[in-house]
Every structure is written in structure tokens, then in C-alpha cells.
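# Fold and contact review
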Amino acid sequence: MATTVLPRAGESLADPTPPESRALTTRLSVVDRAFRAVSGASGAMVLLIMTLVGLFLGIRAFDAISEAGFSFITTQEWEPDGGNFGIAAILSGTVFIALSAIIIVVPLSTAVALYISEYAPRRIKRTLISLVDLMAAVPSVVFGLWGFFFLQNHMIGISRWISTYFGWVPIFSVDGSDPDDPLSTATVFTSSTFIAAVVVAIMVAPFTTAVMREVFSQAPIGEREGAYALGATKWGMIRSVVIPFGKGGMIGGTMLGLGRALGETIVVALIISPIFIIQPHILQNGANSVSALIALRYGEATPFGTSALMAAGLALFLITLVVNFAASSIVARTRSGASTDE
Amino acid sequence: MSIDIRTSDVVSETNAESLTGDEGTTVSGWAPGAPEPRPRKVGGLRRTDVLAVGGAAIGSLGVTALLYVLLPFSGALGFIIIAYLFFITIYAVLVSLDESKAAIRDRVAATVIHSIAFLMLLALVFVVVFTVIRGWEALINSNFYTEDMSGAGPLDPLTMGGILHAIVGTLIIIAIALALVIPLGLGCAIFLNEMPGPFARIVRTITEAMTALPSIVAGLFIYASLILMFGFQKSGFAAALAISVMMLPIMIRSADVVLRLVPGSLKEASYALGAGQWSTIWRVTLPTAKSGLMTSIILGTALGIGETAPILLTAGFTASLNVNPVEGPMIALPLATWEFVKSPEPSMIARGFGTAATLMVLVLILFIIARIIGGRGAGNLSSMQARRAKGRSRRDLARMESNQVEDKAVFANLTGIT
């Protein structure tokens with residue numbers, strides 16, 4: 001063990017040669033060396049697995065994409081064995097469902113999160129927090145059943161109402177529905193993007209709410225009291241302190257919810273009736289999504305068909321990836337960011 | 001609005017009692033002998049508030065009912081929506097009679113937030129209740145938990161057949177997945193925290209990227225590689241691998257966050273006492289992060305148990321009990337639900353709901369365990385743990401004191417000084 005050298009009594013402090021800095025070497029014990037080897041190996045192993053998954057998907061998908069060429073992006077049909085396939089319809093369908101779901105989720109989640117963190121009586125607050133956390137862990141198939149067996153029937157009326165009064169907005173128009181004809185069929189409103197989006201929204205909402213509530217509850221107490229001291233009402237305080245503080249978490253939570261909505265399989269597969277055209281009329285029967293397509297088509301797919309499905313899966317993965325990285329970079333840049341890093 | 005508060009008033013209202021009590025001085029503004037000022041009531045309900053809400057409620061119902069009588073409107077849902085909109089409007093008008101603009105906004109915002117939150121929480125609870133009610137018929141039969149579906153066809157009554165095979169399948173699949181994911185995930189999370197450097201940065205970035213992998217794509221990967229390429233059959237093991245691919249990045253990420261929260265001062269204290277890296281991790285880092293790590297593991301498990309898509313592609317389908325994960329198809333609860341409700345037969349649909357309810361109960365149990373273990377942060381002990389810690393330190397104290405007495409005795413013997 002080296003010792004620090006202090007100037008001796010005889011030596012002057014103004015000694016022109018400064019003491020050499022002591023070299024610090026670490027000699028690891030056997031246990032530590034073993035630990036570092038094992039830990040490094042598990043890191044490398046994870047990297048290997050993840051890279052393998054990515055590479056395998058990429059290579060298999062490449063087979064299909066090189067076969068289809070640029071038309072992979074523009075084709076709407078999905079007949080991989082005939083060589084005529086593309087992700088235009090399914091990817092746009094996925095995005096329509098996820099975006100509609102997020103538009104529904106944001107106000108709902110914000111309101112619930114604000115209620116739990118700001119308005120709820122102290123007695124029931126902990127219960128509500130647990131409830132939301134628990135609902136975030138409920139399997140998606142449960143929401144799917146609810147959507148398919150309960151919500152579907154009750155949404156037709158709402159869909160009809162929206163299409164009757166807001167049909168002049170292009171996305172709300174429905175072909176084949178005539179509000180003046182009492183005998184017009186209701187089936188044009190079933191299995192639509194909208195209904196799938198509502199169920200996905202209810203499924204994603206607890207997750208988004210949990211993230212938002214966490215951030216809202218961390219708004220600094222000093223600033224809250226400052227707002228009150230300046231005469232703010234509760235809502236004024238929320239608008240000027242809580243929401244600006246929690247903005248990063250709100251955006252981050254929403255984006256993470258969007259990532260979940262994009263990848264959701266079972267709910268969408270249960271509700272939609274798949275079609276292979278770009279369907280911007282969200283109230284109308286027929287929708288599609290990448291994950292539902294994989295779930296419904298993998299069984300009868302030929303090897304090339306599987307490659308094509310992988311290409312579609314890869315496209316979905318890339319979109320989710322962009323959304324996730326955007327979310328984390330937005331969250332990291334805001335004040336409340338550090339706390340929502342999960 | 002002008003505010004005119006004199007300092008003396010504020011002091012006399014808030015602190016008068018404590019000041020006189022502690023020091024016996026009187027504060028200007030409160031003469032001794034005068035009745036003690038009562039603290040002003042803040043918050044609470046005023047009569048006008050109650051009247052405004054009640055009036056708005058009655059008014060909105062009345063107007064909507066009138067509309068329904070006069071105009072060709074119909075539908076219960078429409079009634080509720082229109083009545084709600086009228087309620088907000090009338091309430092805002094009533095409040096505006098004696099409050100400022102800011103107060104109106106405050107009241108309307110509070111009303112909207114309360115109603116949306118109520119509606120949303122109700123919907124969430126309803127999803128759960130709906131599943132249990134629809135599955136009740138199947139759930140009340142004990143054979144539902146003790147038999148598999150090999151002897152029961154779609155037309156058989158609910159007193160035949162059950163989901164034992166799916167329950168066992170789920171448990172086997174998740175056990176294999178956990179056996180793979182926990183060591184690898186924790187190892188990798190510790191690696192990310194303890195050996196920072198360019199390599200760890202790459203691993204962290206890739207892991208974060210893979211959290212975006214849709215679960216169905218994880219299933220498709222195992223399906224295409226293990227089953228199509230290497231010729232394995234669809235089995236519980238393949239399903240467990242698919243679940244692992246999906247769970248691993250999620251688990252690593254949450255464990256990484258938990259480990260990062262361990263205070264650096266604790267680790268430094270351990271190093272300062274001469275502990276090596278491994279013993280610091282084993283005796284300081286992991287025990288401190290234990291509850292957080294358990295929570296992340298259990299919530300990851302709940303996620304893995306509920307996931308249908310990867311199992312759909314890799315586990316195959318069977319109606320009979322199979323306890324061998326590497327041979328023959330195996331089924332799990334979410335997949336069984338999916339298969340049951342594809343049938344048009346009401347009894348099969350009831351079985352599907354029953355299966356979903358069972359799955360939910362399983363997740364609930366996991367969640368409660370997570371809450372019990374992970375409800376507290378590091379250093380916050382439960383009363384039991386606190387008692388044990390106190391006992392330990394009392395024993396330590398006794399040991400030290402006895403040592404001291406011995407030391408003194410030795411010292412006295414050696415030197416002759418008492």
C-alpha cells in the first residue's frame with residue numbers, strides 16, 4: 001500500500017519539485033474478476049440475443065421486400081404468394097386505429113390523472129392509484145372480450161349519430177348508410193376502426209394515466225402554494241403549475257401508450273373484419289392492422305408468406321421504435337423528465 | 001379585488017394561541033379577556049354551492065325532458081349526453097351570478113374532471129365485473145378447475161370439462177420464461193450499472209430499442225426460427241422462449257431504473273470499508289433495491305402471463321392436459337380464452353369468459369404479492385422488519401457493552417488503575 005508523502009520538517013514548502021502523483025492501481029480479487037466476467041457475459045448474451053432477433057427479422061423480411069420492391073410500400077393487397085403484396089393498407093390501418101385511440105385516451109387519461117392527484121379525497125386516493133396500476137396489468141384479452149361482446153353493440157348508435165351529423169367531415173362519412181332510411185342496415189357500422197380504437201383506448205388508458213399521475217403528483221409543493229398565494233383558484237393552479245410541470249410526462253406517457261396501441265394484437269383481431277384497402281372512414285365496417293394480420297394469417301402462410309409477414313412486422317417495429325425514442329428524448333428534455341424514466 | 005390584511009390580524013388569527021400559551025405574551029389585536037377568536041373555516045361547502053349544483057341538475061333534466069317531448073329525439077345515451085351538456089351550461093350560468101370569471105372556470109373544470117374520472121374508473125371496473133358476470137356460469141362449477149377439455153365437446157354442458165390444461169400450461173410456460181429471464185435480465189441490469197462504458201451504452205441502446213418490439217413479432221420470430229427453420233414442434237418451450245424474448249428487454253429496463261436509484265453514497269461507504277465490487281453488490285446494492293426489483297419482476301410476470309399473441313403463434317392448441325413443455329402442444333389461459341370465444345356456442349363463450357376471469361385472478365394475486373413486497377422504498381421497514389432490526393441492534397449494543405466491560409477489566413488488571 002502506498003502512503004501519501006508529506007513534506008518533511010527540513011524541506012521547504014517552496015520545494016520546486018512537486019510530489020509525483022501516486023499511481024492508483026486496482027487489483028481485483030478473484031471473486032470480483034469472476035463477477036465481472038459473468039456480468040459482462042450476461043450483457044454480451046443479451047446483446048447477442050437482441051441482435052439475433054433483429055438480424056433474423058431483417059434478413060427474412062429482406063427476402064420479401066426485395067421481391068416486392070418499392071411496391072411493398074404502395075400496394076394495398078396482401079397476396080404474398082402471388083407476389084402482389086404491400087403494407088399500404090395494413091400499416092395505414094394500424095396508424096388509424098392507434099391515432100384514434102390516442103385522441104380518445106389523452107383527454108380521458110389527463111382528467112383521471114388530475115382527479116387522482118389533485119381532487120380525490122385522501123381516503124380513496126391510495127385505492128384509486130392501486131386500481132389504475134392494477135388495470136394497467138389486466139391482460140388485453142379481457143378488454144378484447146368486453147369490446148367484442150359488450151361495446152360493439154352499444155357503439156353502433158354512437159357511430160350512426162356521428163356519421164349522421166358529422167358525415168360531412170370526410171373521415172366520419174360512411175358509405176352505404178342513409179340516415180333518412182329507417183331500414184338501413186346497422187352492419188356498416190360494426191367491426192370498424194372506431195370501435196377497435198375505443199377498446200384499445202380503454203386498454204391503454206390505465207397505463208397512460210399511471211404515468212401522468214406520477215408526474216402530476218411530483219409538481220413542486222412550493223410552486224403550488226405560490227400559485228394559491230397569488231390568488232389562483234384550484235384550476236388556475238393546475239393550469240399554471242401542474243400541467244406545465246407535467247407536460248414532459250404527459251407527452252411521454254402518451255407516446256408510450258401510442259407504442260402499445262400500435263402493437264396491440266388480440267383486441268384488434270377480435271373486433272375488426274380485415275380488409276385490404278386504405279380505409280380512412282373510421283366509422284365504417286372493415287379495418288386492418290399489422291399485428292392482427294400476422295395473428296390471422298401466420299397459420300396458412302407459406303415460407304415466403306411468413307417472410308412477407310415478417311416484413312410487415314419489421315415495418316411496425318420500426319414505427320414503434322421511432323415513437324419510443326421520440327418519447328424518451330422528449331421526456332428527458334423536460335423538467336419532470338428524470339422521474340418518468342421507466 | 002383589494003386585499004387589506006394587517007400583520008397583527010394575521011398573527012392574532014393563526015398564532016395567537018401558541019404564542020400566548022408558550023410565552024405568556026399577548027399579541028396586539030387580541031385583548032385578554034375578549035372571547036378567543038375562532039379559526040376561520042376554510043374550504044367546506046357553502047349553501048350557494050349546493051344550491052347551484054342542485055339547481056343545475058334539476059334544470060338540465062327538465063330542459064332535456066322538454067326537448068325529448070317536443071322534438072323527435074330518442075335514445076337513453078343521447079338523453080344523458082344532452083342533459084350533461086345542459087348541466088354544465090346552467091351550472092356555469094348559476095355560478096356566474098355571484099362569482100368571478102376565474103371561479104367559473106374553476107368550477108366548470110372541476111365538474112368536467114370529476115365526471116370524466118368517474119366515468120373512466122367506472123368503465124374500468126365494469127370491464128372486470130362484466131368478465132366475471134359472463135363467466136360466472138362456468139366459474140361456479142368445480143370441474144372447471146379440475147378437468148381439461150379433452151372429454152367435453154362444444155355442445156356439452158358446463159358441468160363437463162374445464163381449463164386445468166390451460167392453468168397448468170400457463171404456469172409451466174411462465175416458469176420456464178422466468179427461469180430464463182430473471183438471471184439474464186438481472187445480470188444484464190447489474191452489468192449496465194456496474195460496468196459503464198461504451199459497450200454498456202450499446203447494450204442499453206439495443207435493449208431500449210427492443211422494448212418497442214411488438215409482442216406478436218416476438219412470437220413470429222420464434223415461429224419462423226425455432227419451428228419453421230429448426231423443425232421444433234409447437235410446444236410450451238417455444239412459447240416460453242417467445243415470451244422471454246418479449247419480457248427480457250422490459251425486465252432489463254425496469255431493473256436498470258431500480259438499480260440506478262440506489263444511492264451512490266451507500267455503495268461508496270461500502271467501498272470505503274474495503275469491500276470489493278461483488279460484495280458491495282451482494283450486500284449493499286441488491287438488498288437496497290430488493291423491493292423494487294421484486295416489483296419489476298412480478299409486474300413483468302403479469303405482463304408475460306397476459307400476453308396472447310406470442311403464445312398464439314408458438315404453443316399450438318390442445319384440449320388435453322400436457323405437462324411436458326418440450327413435446328406436444330400446450331395451451332395457456334389467454335390463448336384458451338381466444339379459442340373458446342371463437343365458437344358460437346354460448347357455453348363455450350361462458351367458458352371463455354371464465355378463463356379470462358381466472359387469468360385476471362392470477363394477475364391480481366401477482367399484483368397483490370408485488371404490492372406487499374414492493375410497496376415500500378428502500379429503508380422503509382414494515383413493523384415486523386423494524387422490530388427485527390431493533391432486536392438486532394439491541395443485541396449488538398449488549399455485545400459491545402459486554403466487550404467494553406471486559407476491555408475495562410483487562411485494562412484494570414494490566415495497569416492496576418480502576
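Source: prediction; values computed, not measured.

## Some remarks on the overall build of chain B
Along chain B, the regular secondary structure elements total 16 helices and zero strands. Looking at chain B residue by residue over its 418 residues, the buried ones come to 43%. Of all intrachain contacts in chain B linking residues separated by at least 6 positions in sequence, the fraction that spans at least 24 positions is 66%. Counting only carbon and sulfur atoms, one obtains 66% of the accessible surface of chain B, whose full area is about 22,500 Å².

## So, the overall build of chain A
Per the secondary structure count, chain A includes 11 helices and two strands. For chain A, the succession of helices and strands along the chain, N to C, is α-α-β-β-α-α-α-α-α-α-α-α-α.

## Overview of the side chain of Ser235(B)
Residues and elements named next belong to chain B. Mapped onto the elements of the fold, Ser-235 is located in the loop between helix H9 (215-229) and helix H10 (236-260). One polar contact links the side chain of Ser-235 to the main-chain carbonyl oxygen of Pro-325, over a distance of 3.4 Å. Setting aside chain neighbours within four positions, we find Ser-235 in contact with Thr-314, Ala-315, Pro-325, Val-326, Glu-327 and Gly-328.

## Quick notes on the nonpolar core
Membership of the largest hydrophobic core comes to 188 residues, with the highest contact counts inside it found for Trp78(A), Phe143(A) and Leu213(B). Aside from chain neighbours lying at most four places away, what touches Phe143(A) is Met135(A), Val138(A), Val199(A), Ile202(A), Met203(A), Val267(A), Leu124(B) and Val127(B). Listed in part, the 11 residues of the second largest apolar core include Ile190(B), Val258(B), Leu259(B) and Ile281(B).

## Remarks on the packing of helix H4 (residues 76-96) of chain B against helix H5 (residues 101-139) of chain B
All names here are of chain B. In the contact formed by H4 and H5, the axes pass within 9 Å of each other and the chain directions differ by 155°. With respect to H5, the element H4 is oriented roughly antiparallel. In the crossing of H4 with H5, the sense of the turn from one axis to the other is right-handed. On H5, the residues touching Tyr-84, Phe-87, Ile-88, Tyr-91, Ala-92, Val-95 and Ser-96 of H4 are Ile-104, Arg-107, Val-108, Thr-111, Val-112 and Ser-115. The residue makeup of the contact of H4 with H5, split by class, is nine nonpolar, three polar and one charged.

## Structural notes on H10(B)
Residues and elements named next belong to chain B. The terminal C-alpha atoms of H10, which comprises 25 residues, lie 35 Å apart, in line with the 36 Å expected from a rise of 1.5 Å per residue. The axis of H10 is deflected most strongly, by about 35°, at Met-247, and proline Pro-249 appears within four residues downstream. The buried fraction of H10 amounts to 20 of the 25 residues, a majority that puts the element mostly inside the structure.

## Thoughts on the interface of chain A and chain B
In many reports, interface size means the accessible area that the parts give up when they come together. At the interface, 75 residues of chain A touch 86 residues of chain B. Both sides together, the interface formed by chain A and chain B hides about 7,100 Å², and carbon and sulfur atoms give 81% of it. Taken together, the connections running from chain A to chain B amount to zero salt bridges. Linking chain A to chain B there are eight residue pairs in polar contact (both at pLDDT 80 or more). Looking at the side of chain A that touches chain B residue by residue, the classes come out as 50 nonpolar, 16 polar and nine charged.

## Section: the confidence of the model for chain B
The predicted coordinates of low-pLDDT regions are not to be read in fine detail. Residues and elements named next belong to chain B. Averaged over all residues, the pLDDT of chain B is 81; the fraction at 70 or higher stands at 88%. Counting interchain partners and residues more than four positions distant, the pLDDT-below-50 stretch residues 1-27 has 17 contacts. Across the interface, the model reports ipTM at 0.80; the global pTM reads 0.80.

## Focus on the side chain of Asp106(B)
Mapping Asp106(B) onto the fold places it in helix H5. No salt bridge forms around the buried Asp106(B); measuring N to O, its nearest opposite-charge neighbour Arg107(B) is 4.6 Å away. Contacts of Asp106(B), omitting those with residues within four sequence positions, involve Tyr119(A), Thr233(A), Lys234(A) and Trp235(A).

## Describing the packing of aromatic side chains
With the rule as written, the count across this model stands at 19 aromatic pairs over all chains. Summarising the aromatic geometry, the rings of Phe191(B) and Phe199(B) are spaced 5.6 Å apart at their centres and angled 65° between planes, so their arrangement reads as edge-to-face. Owing to a relative accessible area of 34%, Phe199(B) belongs among the partly exposed residues under this scheme. Pairwise contacts between aromatic rings join Trp146(A), Phe148(A), Phe149(A), Phe150(A), Phe126(B), Phe130(B) and Phe353(B) into one cluster. The ring of Tyr119(A) carries Lys234(A) above its face, with NZ or CZ at 5.1 Å from the centroid. In this structure, Arg260(A) is placed above the aromatic ring of Phe207(A), and the distance from its NZ or CZ to the ring centre is 4.3 Å.

## Let's talk about a positive patch on the surface
All names here are of chain B. Together, Arg-387, Arg-388, Lys-390, Arg-392, Arg-394 and Arg-395 make up a positively charged patch on the protein surface. Relative to the helices and strands, Arg-394 resides in helix H16 (residues 383-415). Using a relative accessible area of 56% as the deciding quantity, one classes Arg-394 as exposed.

## Description of the packing of H9(B) against H10(B)
All names here are of chain B. Where H9 contacts H10, the two axes come as close as 9 Å, and the packing angle between them is 135°. Judged on the interaxial angle alone, H10 and H9 are oblique. As for the relative orientation of H9 and H10, their crossing is right-handed in sense. Within the contact between the two elements, H9 uses Ser-215, Ala-218, Gly-219, Phe-221, Ile-222, Leu-226 and Ile-227 and H10 uses Ala-238, Leu-241, Ala-242, Val-245 and Met-246. Here the contact of H9 with H10 is built from residues that sort into 10 nonpolar, two polar and no charged.

## Observations concerning the environment of Met149(B)
Residues and elements named next belong to chain B. Note on placement: Met-149 falls in the loop between helix H6 (143-146) and helix H7 (164-194). Owing to a relative accessible area of 6%, Met-149 belongs among the buried residues under this scheme. Separated by 172 residues in the primary sequence, Met-149 and Leu-321 place their C-alpha atoms 8.3 Å from one another. Filtering out sequence-adjacent residues up to four positions away, Met-149 remains in contact with Gly-161, Gly-162, His-165, Ala-319, Phe-340, Met-348 and Arg-351.

## Some remarks on a nonpolar patch on the surface
Residue and element names in this part refer to chain B. A surface patch of nonpolar side chains, amounting to about 650 Å² of accessible area, comprises Met-294, Val-361, Leu-364, Ile-365, Ile-368, Ile-369, Ile-372 and Ile-373. If one sorts the elements of the nonpolar patch by residue count, helix H15 (residues 346-374) sits on top with seven residues. Along the chain, Met-294 falls in helix H12 (residues 277-306). In this structure Met-294 comes out as partly exposed when scored by relative accessible area, which is 30%.

## A closer look at the environment of Gly62(B)
Residue position: Gly62(B) is located in helix H3 (residues 47-70). Taking the C-alpha atoms as reference points, Gly62(B) and Val323(B), 261 residues apart in sequence, are found 64 Å from one another.

## Some details on the pattern of salt bridges
Residues and elements named next belong to chain B. Counting across every chain of the model gives nine salt bridges over all chains. The partner of Arg-260 in a salt bridge is Asp-256, and the shortest N-O contact between them spans 3.1 Å. Of this pair, Arg-260 and Asp-256 are both found in helix H10, four residues apart, which corresponds to roughly one turn of the helix. Across the salt bridge formed by Lys-342 and Glu-339, the nearest N and O atoms sit 3.9 Å from each other.

## A few points about the confidence of the model for chain A
All names here are of chain A. Per-residue confidence for chain A averages 83 on the pLDDT scale, and 89% of its residues sit at or above 70. Predicted confidence in chain A is weakest over helix H2 (residues 71-74), with a mean pLDDT of 80, and strongest over helix H7 (residues 221-229), with 92. Here residues 338-342 is a poorly scored stretch, pLDDT under 50, and it has 11 contacts once near neighbours within four places are set aside; other chains count.

Calculation rules
- Residues numbered from 1 in each chain as written.
- Chains lettered and ligands numbered in written order.
- Predicted model: local features only at pLDDT ≥ 70, side-chain atom pairs only at ≥ 80, totals over all residues.
- Heavy atoms only, no water.
- Helix = DSSP H or I, 4+ residues; strand = E, 2+ residues; numbered from the N terminus.
- Buried < 20%, exposed > 50% of the residue type's maximum accessible area, 1.4 Å probe, protein only.
- Contact = heavy atoms within 4.5 Å.
- Areas by Shrake-Rupley, 256 points an atom, 1.4 Å probe, with all protein chains shown as cover.
- Polar contact = N/O pair within 3.5 Å; in protein donor to acceptor, adjacent residues only side chain to side chain.
- Core = buried A, V, L, I, M, F, W, Y, C linked by side-chain atoms within 4.5 Å.
- Axes fitted to C-alpha atoms, helices over the stretch in contact; angles between N-to-C directions.
- Parallel < 35°, antiparallel > 145°, perpendicular 65-115°, else oblique.
- Left-handed = near helix turned anticlockwise from the far one by under 90°.
- Nonpolar A, V, L, I, M, F, W, Y, C, P; charged D, E, K, R; others polar.
- Expected span 1.5 Å × (residues − 1).
- Bend = angle between axes of the 7 residues up to and from the residue.
- Buried area = accessible area lost by both parts, 1.4 Å probe.
- Salt bridge = Lys/Arg side-chain N within 4 Å of Asp/Glu carboxyl O.
- pLDDT = per-residue confidence, 0-100.
- Lys, Arg positive; Asp, Glu negative; His and termini not counted.
- Phe/Tyr/Trp six-rings, centres within 6.5 Å; stacked < 30°, edge-to-face > 60°.
- Lys NZ or Arg CZ within 6 Å of the ring centre and 35° of its normal.
- Patch = residues over 30% accessible without salt bridge, like charges linked within 9 Å, V, L, I, M, F, W, Y side chains within 5 Å.
- Charge placed at Lys NZ, Arg CZ, Asp CG, Glu CD.

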